[in-house]
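# Chains, contacts and geometry: an overview
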Amino acid sequence: FTGCRLILLGKHEKKLTVFEKKGIRTGYADNMKEREFDIVVDCSGSQAGTDTALSIVRPGGRVILKTTLADRRSVDLNSVVIHELTLTGSRCGPFPPAIKAIEYGKVDVTCLVSGLFCLEDGVKAFDYASRKDVLKVIIKVDRR
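Quick look at the structure, then.

About the criteria used
- Residues numbered from 1 in each chain as written.
- Predicted model: local features only at pLDDT ≥ 70, side-chain atom pairs only at ≥ 80, totals over all residues.
- Heavy atoms only, no water.
- Pairing = 2+ DSSP bridges.
- Helix = DSSP H or I, 4+ residues; strand = E, 2+ residues; numbered from the N terminus.
- Axes fitted to C-alpha atoms, helices over the stretch in contact; angles between N-to-C directions.
- Right-handed = clockwise from strand over helix to strand, strands pointing away.
- Salt bridge = Lys/Arg side-chain N within 4 Å of Asp/Glu carboxyl O.
- Buried < 20%, exposed > 50% of the residue type's maximum accessible area, 1.4 Å probe, protein only.
- Patch = residues over 30% accessible without salt bridge, like charges linked within 9 Å, V, L, I, M, F, W, Y side chains within 5 Å.
- Areas by Shrake-Rupley, 256 points an atom, 1.4 Å probe, with all protein chains shown as cover.
- Core = buried A, V, L, I, M, F, W, Y, C linked by side-chain atoms within 4.5 Å.
- Contact = heavy atoms within 4.5 Å.
- Polar contact = N/O pair within 3.5 Å; in protein donor to acceptor, adjacent residues only side chain to side chain.

Before going further, it helps to examine the sheet that holds strand 3 (residues 37-42). The 3 strands lie next to each other as 3-4-5, forming an open sheet whose pairing is parallel. Looking at strand neighbours, the two that pair on one side only are strand 3 and strand 5 (86-89), the edges of this open sheet. Taking the axes of each pair of neighbouring strands and ignoring which way they run, one obtains an average angle of 15 degrees across the sheet. Both strand 4 (residues 57-65) and strand 5 contribute to a ladder of 4 bridges, which runs parallel. Counted as the bridge partner of Ile64 is Thr88 from strand 5.

What follows is the structure, given as structure tokens:
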């Protein structure tokens, strides 16, 4: 449905299973060969994910950095130059079409939600969200 040979890479079996159930091919990031992919999108949220993205994209390929890191870390720009890579930063896409796709049921995001918490349980929600096996957490704010 994407028009490409899509594979989602990760390190956590529970998270990968969510996408396998949706018919998306998955694999373990540690098992990928160097310089294998034309385009790599890094949305890992980790330095290791960015390093992996740079190592598995083919020479002349493109890495789209969708991730932000809590700590400032260095990136080996030598590999970008040597392998003539294109780096593209992508913070957030256009929200209106994404919201419309969810509203009309074209995209089902419920499988990505690991937990739902009330505002009063916000601290618990953040603790839960920090677990490795958790995807997304929603904090519900009630208007009274």
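It is worth spelling out the pairing of strand 4 at this point. Within a regular beta strand, the side chains point alternately toward one face of the sheet and then the other, so they alternate between its two faces. Pairing between strand 3 and strand 4: 5 bridges, direction parallel. Paired with Phe37 across the bridge in strand 4 is Val57. Handedness of the crossover joining strand 3 and strand 4 through helix 2 (residues 47-56) is recorded here as right-handed. At this point the chain moves from strand 4, through helix 3 (residues 77-82), to the parallel strand 5, and the crossover so formed is right-handed.

Another point: the pattern of salt bridges. Tallied over the entire structure, the rule returns 6 salt bridges. Residue Arg58 is joined to Asp38 by a salt bridge in which the shortest nitrogen-to-oxygen separation is 2.4 Å. Linking Arg58 in strand 4 with Asp38 in strand 3, this pair joins segments that are 20 residues apart in sequence. A relative accessible area of 32% means that Arg58 is categorised as partly exposed. The closest approach of N and O atoms between Asp133 and Arg131, which form a salt bridge, is 2.9 Å.

Another point: the pairing of strand 7 (residues 136-140). Where strand 6 (residues 113-118) meets strand 7, 5 bridges bridge the pair, whose relative direction is parallel. Bridging across to strand 7, Val113 finds its partner in Lys136.

A cluster of nonpolar residues, Leu119, Phe126, Ile139 and Val141, forms a patch on the protein surface that exposes about 400 Å² of accessible area. Assignment of secondary structure puts Phe126 in helix 5 (residues 122-129). The exposed category is assigned to Phe126, whose relative accessible area is 60%.

Membership of the largest hydrophobic core is limited to 10 residues, which are Ile7, Phe37, Val40, Ala53, Leu54, Ile56, Val57, Val63, Val80 and Leu85. Broken down by secondary-structure element, the contributors of at least two residues to this core are strand 3, helix 2 and strand 4. It is helix 2 that contributes the most residues to this core, 3 residues altogether. Excluding residues that lie within four positions of it along the chain, Val40 makes contacts with Ala53, Ile56, Val57, Arg62, Val63 and Ile64.

Positive phi, close to 60 degrees, is recorded for Arg35, a residue that is not glycine. Assignment of secondary structure puts Arg35 in the loop between strand 2 (26-28) and strand 3. Positive phi outside glycine occurs at Glu84, with the angle close to 50 degrees. Tracing the backbone through its elements, the reader meets Glu84 in the loop between helix 3 and strand 5. Accessibility expressed as a relative area gives 62% for Glu84, which makes it exposed.

Tracing the backbone shows Thr26 in strand 2. Judged by its relative accessible area of 17%, Thr26 is buried. At a separation of 2.5 Å, a polar atom in the side chain of Thr26 contacts the side chain of Glu20. Those residues in contact with Thr26, other than ones at most four positions away along the chain, are Ile7, Leu8, Leu16, Phe19 and Glu20.

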